[in-house]
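# Working through the structure, step by step
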Amino acid sequence: MQQFTGKGIGKGVAIGKIKIFDKSEEKVRRVSVEDTAAEFARFEEAKAKAIEQLGVLYEKACVEVGEENAAIFEVHQMMLDDDDYLDSIKNIIEEQKVNAEYAVATTGDNFSEMFANMEDEYFKARSADVKDISERVVRILSGSDGDSSSMDEPVIIVAQDLAPSETVQFDKSKLLAFVTHLGSSNSHTAILARMMNLPAIIGIEFDKAWDGKKAIVDGYKGTLTIDPDDEQLKEALLIREKDKEKAKLLRTLKGKPSVTKSGKKIKLYANIKGVNDTASALDNDAEGVGLFRSEFLYLEGDDFPSEETQFSAYKTVAENMGGKQVVIRTLDLGADKQVSYFDLGQEDNPAMGYRAIRICLTRPEIFKTQLRAIYRASAFGNVAIMFPMIISLDEVLQCKKIVEEVKAELKAEGIPFKEDVELGIMIETPAAAVISETLAHEVDFFSIGTNDLTQYTLAIDRQNAKLDNINDSHHPAVLELIRMTIENGHKGGAWVGICGELAADTTLTKTFIEYGVDELSVSPGFVLSVRNEIINN
Ligand code: PEP
Ligand code: MG
């Protein structure tokens, strides 16, 4: 038995086998080989396996996201048979007398760079694809099955670090918990773990030898126990039983209104990242969606999601929620949420860089495509829109102007939409909080993003694991900005909600009610515990 202590960032206890999620780049070594023909045959075998896996993924995607979106896997299959790609791998193996892994990774890097430098947008977008297929083949060659999302039994994922795009690719039904070395409490990976209602720990350096071993993840204590003894297993099972009892009690609050003792109704909404989360939002009795992180539609694919793809997602969410309000946040990419096809470039300070509304206002074609999709979906449910990372009145006015242009276009095309979709902004910069009274006159609502508001108020990168212990969302400056924003929002006629992680912090529910908050939006698994606090305050 071995026990390691980090920091619990997702509550709960999990028992199961460890799966080390190791990024393939770290494994590729240049190794000399004698028999180059045998080495190329090894590659061909791995390539055939990759093509077979992509076929399975294609079939699965057809069912889950439709043929149009699944087509990318067919493109990947074709790329693996491309003559230039194959020639390059063969040449490297034969001329440099090196291993297939190295030849594939080098070819993947070279082709990816070549595509990225092309003028044509279609070819530019293939840059990520060629890297992706090469990584798949390298994973197969180096002994893992090549498909990080295909796991036979539910596992505890252990990794050095996980990007949001990596976290979302896992099949949720096969996940028990996350354990990483890097990461912080408010990183998007931590948020995703909480959205999936999984135990998670950060700050644990892993050993590759743990792969396949039995372990206990205790998200309350922040401990990872490898090869636990009977006593520890018994204790973990007991905690799980108690958690189940607590959840059962909370479920008795389903159907009850979220009304405070003094009679104020609080809108208790859920945060989601896609269509699949609506089931859990409804199952936990969320009264609406207060934050649909639409950027995950962009993170999940290899290319810009089309207007049709987005429309279908927004419409499905609106319909699934059956008339309950669905607040769709427009694209919030940049900082830790990167997609290669966007070509955002390297920045010294990405959290303070070219992100979110700053991208949308400078690339209106992307913004308009999304707004058209949202407005089209508004005809099928109760949709609202909010804009992230606002710092000025001018930005709000620009957003509203583009909204009017989109509405005029749809009207001219005879496409139905709802005229009076509520428009809101996120208050997640101190600048927006300070001028919130002015901003309130321009919008229907505010939603306070406490994750970024804390980051920018305290000048602490929310991704920085070293500063996690002082990244204090309860800091009086953060709480004062929240209080002030609620007061100013009301003065200007806007309703005010909170959708950052702090909304689920039940030690603050009473305080937020005293500040006059109108809405709290939390990960689906936290809805009922927050309702419990509302009812008792
Ligand atoms: C926030 O910043 O609080 C927020 C809700 O947005 P995100 O966590 O996606 O940046
Ligand atoms: Mg934010």
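Cut-off values and rules
Starting from 1, residues in each chain are numbered consecutively following that chain's sequence as written. As they are written, the chains are lettered A onward and the ligands numbered 1 onward, keeping that order. Local features in this predicted model are restricted to residues whose pLDDT is 70 or higher, and side-chain atom pairs enter the listing and the counts only when it is 80 or higher, whereas totals over whole chains, interfaces and linings include all residues. With hydrogens and water set aside, each side-chain value is computed from the structure's full complement of heavy atoms. Throughout, exposure labels follow a simple rule: accessible area from a 1.4 Å probe, protein chains only, divided by the maximum for the residue type, with under 20% read as buried, over 50% as exposed, and the rest as partly exposed. Each helix is a run of H or I in the DSSP string that is no shorter than four residues. Each strand is a run of E no shorter than two, and both are numbered from the N terminus. Whether two strands pair comes down to DSSP finding at least two bridges between them. A clockwise path from the first strand over the helix to the second, with the strands pointing away from the viewer, defines a right-handed crossover. Only residues whose relative accessible area exceeds 30% and that take part in no salt bridge are eligible for patches, with like-charged residues grouped when within 9 Å of each other and nonpolar side chains (Val, Leu, Ile, Met, Phe, Trp, Tyr) grouped when within 5 Å. For the accessible areas, the method is Shrake-Rupley and the probe is 1.4 Å, while residue cover comes only from the protein chains on display. Should a side-chain nitrogen of Lys or Arg be within 4 Å of a carboxyl oxygen of Asp or Glu, the pair is scored as a salt bridge. Two residue types count as positive, namely Lys and Arg, and two as negative, namely Asp and Glu; His and chain ends fall outside the count. Every charge is mapped to an atom, namely NZ of Lys, CZ of Arg, CG of Asp or CD of Glu. All axes are obtained by fitting lines to C-alpha atoms, using only the stretch in contact for helices, and the reported angles, taken between N-to-C directions, cover 0 to 180 degrees. The source of the domain bounds is an automatic or database domain assignment. Should any heavy atoms of two residues lie within 4.5 Å, those residues are counted as being in contact. Two parts placed together each lose some accessible area under a 1.4 Å probe, and adding up what both lose gives the buried area. A helix is expected to span 1.5 Å for every residue after the first. For this purpose, a residue is taken to be near a molecule or strand whenever a single non-hydrogen atom of the residue falls within 4 Å of it. Pairs of N or O atoms within 3.5 Å make up the polar contacts considered here, provided that, within protein, one atom can donate a hydrogen while the other can accept it, and that residues adjacent in sequence are counted only when both atoms are side-chain atoms. Sites may look incomplete because water is not among the atoms; the donors themselves are N, O and S atoms within 2.8 Å of the metal, or within 3.2 Å for Na, K and Ca. Stacked, tilted and edge-to-face are the three classes applied to pairs of Phe, Tyr and Trp rings, where Trp contributes its six-membered ring and a pair requires centres within 6.5 Å; stacked means planes under 30 degrees apart, edge-to-face means over 60, and tilted covers the rest. Lysine and arginine charges are scored as sitting over a ring when NZ or CZ, respectively, is within 6 Å of the ring centre and within 35 degrees of the ring normal.

So, on to the pairing of strand 5 (residues 175-180). On any regular strand, side chains alternate: one points to one face of the sheet, the next to the other face. Most of strand 5 is tucked away: 5 of the 6 residues are buried. Two elements, strand 4 (residues 155-159) and strand 5, share 5 bridges in a ladder whose sense is parallel. Each residue of the ladder has a partner; that of I157, found in strand 5, is F178. Pairing of strand 5 with strand 6 (residues 200-202), which is carried by 2 bridges, proceeds in the parallel orientation. Pairing of F178 across the sheet is with A200, part of strand 6. With helix 7 (residues 188-195) bridging strand 5 and the parallel strand 6, this β-α-β connection has right-handed handedness.

As a further point, take a negative patch on the surface. Residues E119, D120, E121, D303 and E365 make up a contiguous surface patch of negative charge. Its place among the elements puts D120 in the loop between helix 4 (100-116) and helix 5 (121-141).

Our focus in this paragraph is the sheet that holds strand 10 (residues 288-293). One closed barrel holds the 8 strands; their spatial order is 9-10-11-12-13-14-15-16, and the pairing between them is parallel. Strand-to-strand, the axes of this sheet are offset by a mean angle of 25 degrees, without reference to chain direction.

Turning our attention to the domain arrangement of the protein chain. Reports often express the size of an interface as the amount of accessible area lost when the parts come together. As far as domains go, the protein chain holds domain 1 (2-21 + 148-230), domain 2 (36-142) and domain 3 (265-535). If you average the C-alpha positions of domain 2 and of domain 3, the two centres end up 37 Å apart. The interface is formed by 10 residues belonging to domain 2 together with 6 residues belonging to domain 3. Between domain 2 and domain 3 the total buried area reaches about 570 Å² when both faces are included, carbon and sulfur atoms providing 38% of it. Put simply, domain 2 and domain 3 have 0 salt bridges between them. Looking at which element gives the most residues to the side of domain 2 that touches domain 3, the answer is helix 5, with 6 residues.

Helix length check: helix 13 (residues 364-377) (14 residues) gives 20 Å between terminal C-alpha atoms against 20 Å at 1.5 Å per residue, within 8%. Counting buried residues in helix 13 gives 10 out of 14 residues, a clear majority hidden from the surface. I366, F367, Q370, L371, R372, A373, I374, Y375, R376 and A377 are the residues of helix 13 that are buried.

Not every one of the 16 residues close to ligand 1 is listed here, only the nearest: R293, R329, G449, N451 and R462. Within the contact set of ligand 1, an oxygen atom lies 2.8 Å away from a side-chain nitrogen or oxygen of R329. D452 has a polar backbone atom sitting 3.0 Å from an oxygen atom of ligand 1. For ligand 1, the protein covers 100% of the area, taking 280 Å² as the surface of the free molecule. Put simply, the parts of the chain that give the shell around ligand 1 at least two residues each are helix 7, strand 10 and helix 17 (450-458).

Our focus in this paragraph is the coordination of the magnesium ion (ligand 2). Octahedral metals with six donors have ideal donor angles of 90 or 180 degrees. Tetrahedral metals with four donors have an ideal donor angle of 109.5 degrees. With distances of 2.0 to 2.2 Å, the protein atoms coordinating the magnesium ion (ligand 2) are E428 (OE) and D452 (OD). A residue pair is termed long-range when its members are at least 10 positions apart, and E428 in the loop between strand 13 (422-427) and helix 15 (430-434) and D452 in helix 17 qualify at 24 residues. Per residue, the accessibility class of E428 equals that of D452, and both read buried.

A few words now on the environment of I357. Note on placement: I357 falls in helix 12 (residues 357-362). Look past the residues within four positions of I357 in its chain and what remains in contact with it is T330, F367, F387, P388, M389, I390, E395 and C399.

Counted according to the given criterion, the structure contains 46 salt bridges. Of the charged contacts in the structure, one is a salt bridge between E405 and K401, with a shortest N-O distance of 3.5 Å. With E405 and K401 both in helix 14 (residues 393-412), this residue pair falls 4 residues apart, about one helical turn. One continuous salt-bridge network, built from bridges that share partners, spans E307, E308, K368, R372, R376, K401, E405, E409 and E413.

Another point: the environment of E428. For E428, a relative accessible area of 2% puts it in the buried group. Through-space distance from the C-alpha of E428 to that of Y314 is 24 Å; in sequence the pair is 114 residues apart. Reaching out from E428, the side chain makes a polar contact with the backbone nitrogen of M389 at a distance of 2.8 Å.

Our next topic: the packing of aromatic side chains. Scanning the model with the defined rule gives 15 aromatic pairs in all. Geometrically, the ring pair formed by F445 and W495 is stacked, given 4.6 Å between the ring centres and 15 degrees between the ring planes. Of this pair, F445 sits in strand 14 (residues 445-448) while W495 sits in strand 15 (residues 495-498), and the two are 50 residues apart along the sequence. Given the relative accessible area of 1%, F445 is considered buried. Among the residues examined, W495 registers a relative accessible area of 14% and is labelled buried. Of the aromatic side chains, those joined through ring pairs into one cluster are Y298, F304, Y341 and F342. For K90, the ring lying beneath its charged end belongs to F40, and the centroid distance is 5.6 Å. The ring of F311 has R376 lying over it, and the distance from NZ or CZ to the ring centre is 4.0 Å.

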